[in-house]
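# Structural overview
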Amino acid sequence: MHDDERVPDNKMKTPDSGQGIAPEKIEVKKDDVETLFGDVFRAFQKNRSALVGLCVVLFITVLALSAPYVLSHDPYTMNLDNRNQPPSEAHWFGTDTYGRDLMARVIFGARISLVIGLIPAFLATCIGSILGVASGFYGGKTDFWIMRLADVVLAFPSLLLAMVIMYTLGANLFNIFIALSIVGWASTSRIVRSQTLALKEKEFVEAARALGVKNRTIIFRHILPNCLPNIMVVFTMSIPSAIMQEAGLSFLGVGAQPPTPSWGLLVSQGKEFIFSAPWVAIIPGVAILILVLAFNFMGDGLRDAIDPYMKD
């Protein structure tokens with residue numbers, strides 16, 4: 001072949017030969033990047049009962065935090081001339097047996113219920129998550145002793161065990177945190193343990209072990225983050241349980257002590273006037289019902305949003 005018959009080199013090359021696709025031609029849309037929390041948030045938005053529960057919780061929280069600025073009555077001021085007054089324009093929820101404004105006491109009691117619902121649930125979830133992942137990851141004697149301790153805790157009725165702890169430590173709000181944290185960690189540890197047993201056999205955990213990654217790093221970087229969605233559901237569902245247990249302890253006289261405006265204590269004090277002044281016990285009881293239902297709706301909605309079998 002003569003030189004003039006040869007095909008020039010620049011004609012034999014194509015834009016894609018050995019070069020791939022030009023970077024500037026690749027368009028990545030942000031909407032195409034799906035994340036777990038994005039999917040959960042969108043699924044949660046579609047659940048009307050969960051949104052109603054969230055709105056109720058936010059409303060009660062804002063009302064409780066702004067109570068000193070929106071209420072005209074002090075929850076601790078007594079007026080025996082106005083004892084057991086029915087609901088009126090001056091006292092929307094009526095008054096209790098000491099003439100204190102019941103609406104002020106109920107709203108201030110929401111602070112106690114929210115704090116006692118959140119803090120013990122958070123502590124119990126943290127303790128149960130750490131013990132559960134340690135039990136499932138290490139196995140052997142560690143798994144045996146942690147699970148046997150959980151069995152002991154679960155063998156007692158939760159309210160009865162909390163009462164024993166409160167009688168031992170003394171009746172005050174700080175000891176309620178301790179009692180409810182001790183009572184609530186066992187169920188969380190079992191859930192996290194079961195998920196850890198499945199996760200530690202996954203390929204990405206085996207690859208991390210093959211690369212010589214320390215067990216502590218595997219636990220906190222690979223195992224716990226994958227357990228986080230279920231831990232969030234457990235935490236959300238633990239809040240109404242803690243609120244109910246605190247109300248039960250206060251009703252039985254081993255929780256919040258007078259004159260603290262705890263909802264359980266208000267119901268306990270009002271039960272003596274259930275026929276003569278029923279609003280004193282019914283209104284705090286309804287407040288407990290509404291807040292617990294709201295958290296339950298939130299927990300159910302979050303569970304449905306995270307569970308892949310519940311999605312369309």
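Read on for an overview of the structure.

Reading guide: rules and limits
- Position numbers for residues count from 1 along each chain, tracking the sequence in the order it is written.
- For this predicted model, a pLDDT threshold of at least 70 governs which residues receive local features, and a threshold of 80 or more governs which side-chain atom pairs are given and counted, while totals over whole chains, interfaces and linings are taken from all residues.
- Side-chain measures were taken over the full set of non-hydrogen atoms in the model, leaving aside hydrogen atoms and water.
- Under the pairing criterion, centres of Phe, Tyr and Trp rings, with the six-membered ring standing for Trp, must be within 6.5 Å; the plane angle then separates stacked pairs below 30 degrees from edge-to-face pairs above 60, leaving the rest tilted.
- Comment: elements are numbered from the N terminus, with helices defined as DSSP H or I runs of at least four residues and strands as E runs of at least two.
- For every residue, the accessible area obtained with a 1.4 Å probe (protein chains only) is divided by the maximum for its type, and the residue is called buried under 20%, exposed over 50%, and partly exposed between those limits.
- Orientation is described by axes fitted as lines to C-alpha atoms, over the contacting stretch for helices, and by angles from 0 to 180 degrees between their N-to-C directions.
- For any helix crossing, the convention is left-handed if the near helix is rotated counterclockwise from the far helix by under a right angle, and right-handed if that rotation is clockwise.
- By definition in these notes, contact holds between two residues if any of their heavy atoms fall within 4.5 Å.
- Each residue gets one label: Ala, Val, Leu, Ile, Met, Phe, Trp, Tyr, Cys and Pro are nonpolar, Asp, Glu, Lys and Arg are charged, and the others, such as Gly, are polar.
- With a 1 Å grid laid over protein atoms only, a set of points is called a cavity when a 1.4 Å probe fits there but cannot get out and a pocket when it is open yet has protein on both sides within 12 Å along at least five of seven lines; lining residues have an atom within 4 Å of a point.
- Grid points are joined across faces, edges and corners, and a volume is the space filled by probe spheres set on the points.

## Quick word on the packing of aromatic side chains
On inspection of all chains with the given rule, the structure shows three aromatic pairs. Seen in terms of ring centroids, phenylalanine 122 and phenylalanine 235 are 6.5 Å apart; in terms of plane orientation they differ by 85 degrees. Their pairing is edge-to-face. Residue phenylalanine 122 is found in helix α5 (residues 102–138), and its partner phenylalanine 235 is found in helix α10 (residues 215–251); the two are separated by 113 residues along the sequence. Among the residues examined, phenylalanine 235 registers a relative accessible area of 25% and is labelled partly exposed. Relative to tryptophan 145, the ring of phenylalanine 144 has its centre 5.2 Å away and its plane inclined at 80 degrees; by these criteria the two rings are edge-to-face.

## Points about the packing of helix α7 (residues 158–169) against helix α8 (residues 173–199)
For the pair α7 and α8, the least separation of the axes is 9 Å and the interaxial angle reads 145 degrees. Like other packed secondary-structure pairs, α7 and α8 cross with a definite hand, here right-handed. Each of Ser158, Leu161, Ala162, Ile165, Met166 and Leu169 in α7 lies in contact with α8, whose residues at this interface are Asn175, Ile176, Ile178, Ala179, Leu180, Ile182 and Val183. Residue composition of the contact of α7 with α8, by class: 11 nonpolar, two polar and no charged.

## Considering empty space enclosed by the protein
Taken as a whole and judged by the stated rule, the model has one cavity of 30 Å³ or more. If you add up the space inside the largest cavity, you get close to 40 Å³. Every residue lining the largest cavity is listed: Asp96, Thr97, Leu102, Leu266, Gln269, Gly270 and Val280. With three residues, helix α11 (residues 263–270) is the single largest residue contributor to the lining of the largest cavity. Residues of the lining of the largest cavity, tallied by class, amount to three nonpolar, three polar and one charged.

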